[in-house]
Amino acid sequence: MTVTETASEWQKAAYIAGQAADARVNVELETEGMTLNIGPQHPATHGTLRIVVRLDGEQVLWADPVPGYMHRGYEKLCEVRKYPQVTTLINRIDWLSSFANEVPFILAAEELLGVEAPPRAQYIRTILFEMARLANITLFLGDMGAQLGAVTPVFYAFRDREHVLDMIESATGGRFHPNFDRVGGIKDDLPKGWIAEAKDVMERVRVFCDQMDQLLVGNEIFQTRTRGIGVVPSAVALDYGLSGANLRASGVDWDLRRDDPTIPMAWKHADFKVWTHPDGDSFARYWVRLQETRESTKIIDQLLDDLPAGPIMTKVPRIIKIPEGEAYVQTENPLGVMGYYVVSKGDLGPFRVKIRTPSFNNISIAPWILRGVYVPDVITILASLYFILGDIDR
Amino acid sequence: MSLVESGRSPKALTWLLNYGRKRSLWAYQWGLACCAIEMASVYVSPRFDVMRLGVIPFPASARQADLLIISGTVTDKMAPPIRRLYEQMPDPKYVISMGSCANCGGPYWDSYSVTKGVDQIIPVDVYVPGCPPRPEALLEGIVLLQQRIQNEDPAERWRGEPIIVGGGVIS
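Residues numbered from 1 in each chain as written. Chains lettered and ligands numbered in written order. Predicted model: local features only at pLDDT ≥ 70, side-chain atom pairs only at ≥ 80, totals over all residues. Heavy atoms only, no water.

Concerning the overall build of chain A
Scanning chain A from terminus to terminus reveals 16 helices and 8 strands. If one aligns the C-alpha atoms of chain A with their principal axes, the spans along those axes are about 75 × 45 × 35 Å. Across the 394 residues of chain A, 57% fall into the buried class. If you take every contact in chain A between residues at least 6 apart in sequence, the share linking residues at least 24 apart comes to 72%. (Helix = DSSP H or I, 4+ residues; strand = E, 2+ residues; numbered from the N terminus. Buried < 20%, exposed > 50% of the residue type's maximum accessible area, 1.4 Å probe, protein only. Contact = heavy atoms within 4.5 Å.)

Considering the pairing of strand S3 (residues 59–66) of chain A
Residue and element names in this part refer to chain A. Sheet topology note: the strand S2 (residues 50–56)/S3 ladder contains 7 bridges and is antiparallel. Its bridge partner lying in S3, Ile51 is registered against Pro65. Remark: 2 residues form the turn of the hairpin made by S2 and S3, two consecutive strands paired antiparallel; Gly57 in that turn has positive phi of roughly 65°. (Pairing = 2+ DSSP bridges.)

Notes on the sheet that holds strand S4 (residues 94–98) of chain B
Residue and element names in this part refer to chain B. Overall, parallel pairing links the 6 strands, which are arranged S2-S1-S3-S4-S5-S6 in an open sheet. In this open sheet, the two strands that pair with only one neighbour each are strand S2 (55–56) and strand S6 (163–164). For strand S1 (residues 25–28) and S2, the ladder comprises 2 bridges, and the chain directions are parallel. The partner of Trp26 across the bridge, within S2, is Ile56. Its contacts with the sheet put helix H2 (residues 34–44) on S1, strand S3 (67–71) and S4, and the angle it makes with S3 is roughly 135°. Packing against the sheet, helix H5 (residues 135–150) makes contact with S1, S2, S3, S4, strand S5 (126–128) and S6, and its axis sits at approximately 155° to S4. (Axes fitted to C-alpha atoms, helices over the stretch in contact; angles between N-to-C directions.)

Overview of H2 of chain B
Most of H2 of chain B is tucked away, with 10 of its 11 residues classed as buried. For H2 of chain B, the full list of buried residues reads Cys34, Cys35, Ala36, Ile37, Glu38, Met39, Ser41, Val42, Tyr43 and Val44 of chain B.

Brief notes about the side chain of Asn91 of chain A
Residue and element names in this part refer to chain A. Relative to the assigned elements, Asn91 resides in the loop between helix H3 (83–90) and helix H4 (98–113). Take Asn91: its relative accessible area is 0%, and that puts it in the buried class. Reaching out from Asn91, the side chain makes a polar contact with the side chain of Glu102 at a distance of 2.5 Å. (Polar contact = N/O pair within 3.5 Å; in protein donor to acceptor, adjacent residues only side chain to side chain.)

Here we look at a nonpolar patch on the surface
Residues and elements named next belong to chain B. Together, Trp15, Leu16 and Tyr19 make up a nonpolar patch on the protein surface, roughly 340 Å² of accessible area in all. Structurally, Leu16 can be placed in helix H1 (residues 11–22). On the basis of relative accessible area, Leu16 is assigned to the exposed category, the value being 53%. (Patch = residues over 30% accessible without salt bridge, like charges linked within 9 Å, V, L, I, M, F, W, Y side chains within 5 Å. Areas by Shrake-Rupley, 256 points an atom, 1.4 Å probe, with all protein chains shown as cover. Salt bridge = Lys/Arg side-chain N within 4 Å of Asp/Glu carboxyl O.)

Some remarks on the side chain of Ser296 of chain A
Residue and element names in this part refer to chain A. With respect to the element layout, Ser296 can be found in helix H12 (residues 282–305). The exposure class of Ser296 is buried, given its relative accessible area of 0%. Leaving out residues up to four positions away in the same chain, Ser296 has contacts with Glu130, Arg133 and Leu134.

A closer look at helix H7 (residues 194–217) of chain A
Residues spaced three or four apart along an α-helix face the same direction, because each turn holds 3.6 residues. Residues and elements named next belong to chain A. For H7, spanning 24 residues, the distance from its first C-alpha to its last is 32 Å, which sits close to the expected 34 Å at 1.5 Å a residue. All of the buried residues along H7 are Trp194, Ala198, Val201, Met202, Val205, Arg206, Phe208, Cys209, Met212, Leu216 and Val217. Tucked inside the fold, the buried residues of H7 contact helix H5 (119–147), helix H6 (152–172), helix H8 (220–226) and H12. (Expected span 1.5 Å × (residues − 1).)

Points about the packing of H7 of chain A against H12 of chain A
Residue and element names in this part refer to chain A. At a minimum axis separation of 10 Å, H7 and H12 run at an interaxial angle of 160°. By the criterion of interaxial angle, the relationship of H7 to H12 is roughly antiparallel. Regarding H7 and H12, the two cross each other, and that crossing is left-handed. (Parallel < 35°, antiparallel > 145°, perpendicular 65-115°, else oblique. Left-handed = near helix turned anticlockwise from the far one by under 90°.)

Re the sheet that holds S3 of chain A
Residues and elements named next belong to chain A. The antiparallel open sheet is built from 3 strands, whose spatial order is S1-S2-S3. Each having just a single partner strand, strand S1 (33–38) and S3 make up the two edges of the open sheet. When strand polarity is set aside, the average angle formed by the axes of neighbouring strands in this sheet is 20°.

Remarks on the interface of chain A and chain B
Contact residues are listed per partner, giving 35 residues for chain A and 33 residues for chain B. Taken together, chain A and chain B are joined by 5 salt bridges. A salt bridge links Arg175 of chain A to Glu38 of chain B, with the nearest nitrogen and oxygen atoms 2.8 Å apart. When residues of the side of chain A that touches chain B are traced back to their parent elements, those giving at least two are helix H2 (74–79) and H6 of chain A. The element that contributes the greatest number of residues to the side of chain A that touches chain B is H6 of chain A, accounting for 9 residues. Looking at the side of chain A that touches chain B residue by residue, the class counts come to 17 nonpolar, 8 polar and 10 charged. (Nonpolar A, V, L, I, M, F, W, Y, C, P; charged D, E, K, R; others polar.)

Some words on the pattern of salt bridges
Per the stated rule, a full pass over the model turns up 32 salt bridges over all chains. Linking Glu75 of chain A and Lys354 of chain A is a salt bridge whose minimum nitrogen-to-oxygen distance equals 4.0 Å. Residue Glu75 of chain A is located in helix H2, and its partner Lys354 of chain A is located in strand S8 (residues 352–356); the two are separated by 279 residues in the primary sequence. Arg83 of chain B is paired through a salt bridge with Glu87 of chain B; the nearest N and O atoms lie 2.8 Å apart. One end of the pair is Arg83 of chain B and the other is Glu87 of chain B, both in helix H3 (residues 79–88) and 4 residues apart, which spans about a single turn.

Shown next, in the form of C-alpha cells:
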C-alpha cells in the first residue's frame, strides 16, 4: 500500500467516523428546524437578494430566493422612452458590464430598421463588449475568494479592474455606464493611442489571471471548499435554463459568440476557444470563468490587430423611427445569454420590450442546488453562480 | 446629562472628541445597485483607499456602524429594511446618499416601484450626485462630512442644511 492510498484510507475512515458522530448527535439532540433569512442585506448576495432557508441543524432542507428588492420596472419604463433613451436605462441592468447590455437591444433595433453597422463599428463594439466582460468577471474572480475568507484577491481584482475601466472611459467617456452604442453604429471613434494602451491592459489582465491561478485555484483550502460542492449535472442545467459560464461548467459546449454567426458582431473574425469543464461544481464555474477571461483578452488582442478602417456610423435618419415589427436578439453576455424582444409599432420608442436576463434563470436553480448543503456552502454556491441583482430583478 | 451632551465641555475636549469621531467612522456596507460597485472601489481599490481617511468599512451589523452609505436605487420593497436598519444604528449616526437614485430617483423618476429619494424615509447628511458618482466624488463627500463632524457641537447634533457635493441647493 502506497502512502497516498494510506492517506485516502485514513480520510475515508475519518469521514465515516465523522458521519457516524453526526448521526449520533442528531439522534441524541433532536435538532430543531430553523428558518434563516439570508439577506436582503448580505455581502454574499451581491446586493439585495433575499434567500429564505429552512435549516435542520446546519443542513439546508429547502431554500427559496425572494427577488424583487431591486425591481425598477425596466420593461414598463422602456415603453415610455425613445430608442436612444432606452440605452441609458438598460446600461443599468447588469451594472458591471454595462456596454454589453446595450448591444443586444441596439442589434434588435437595427434588425427592425433594416440596417447594419459598418465593420469598424462592429469591431469596436465587440472590443468594448469583451472589455465589459473583463470588467465583470475580474470582479467575480476576486470576489469568490472573499466569500471563502480570502481577502487578498479582492484587492487584486479591483486594482486591475480599474485599468480596464480606464480604457472603457477613455474610449466612451463613461467609466461605468458608457451609453456609447447607437442605432447604426457607435458614437465616436477610438481615441489616439488607445490601441497600444489597451494591449498593455490586456497583458495586465493576463498577469492578474495568473495571480488568481496561483492564489486561489492552486490553493488547497479553496479546492476543498469548492470541489464537489454545488454540483449541477448538465441535464439539470439545461432544464433550468442556465446559460453562460454556469452552463459551460456543467460540460455543455454552448457559446453564442461562436455558435451564432448571424449576430453582426466581430467574434467570427477572432479565433478563440470555448472552455468547458465536466464537473459542474463551484470549482468548475470558477475555473471556466478564469479561462474565459484569458480568452477574452486574446479576442481583444486579435481584433485590435486587424481593426478595419472605415466609417463608424451607417446612414440612419436623424430622428429614429423604427418600422412596425418584432425582433428578438440574444448575445452571450458575461453572465449568460441576454436577449431583448422588441415590439415596435412605428413609433419613436418601442411598444414593448421583453428582457431576458441571464441571472434570473441562473438563480432559479437555487432551490434545487441548495437542498441538502451546509450553511457555509450556501455562500460558496451563490458566489459561484454569480448573479447581479439588477440583472435578476430588472 | 453628561458634560459633553450638556454643551459645557471645554473647547479642547470637544475638538479632541470630534477628531476621534471623524477619524474612526465605521461605514456600513450596504450595496444596493450600480453605486455599490463604485462604493466598493472606494473601499478596497488601492487607487482610492478610503481607509487612509479613517473610514473603516467592516462593520458586519448596523449596530456597530456610524455611517450609512445608501448606494443605489431604493425601491419601495427595500425601503422598510433601510428604515429598520437605520433605526438600529447607535447615535451619532450619519447618512450619505450616493447617486441620483438615492437622491431623487434618478433615471427611474417615473418608475412605479422606486422610492424617489431616500430622504423620504431617513435624514440625509451628504448628497453625492452622479449616476454613478465617481469614487472621487464619494471621497469628497466623506471628507466634507468629516469637516462637518470636526466643527460639530456635540450638544446640538443634526443642525444645519445637508451637504451637497459639488455645490448646489435643495429646492
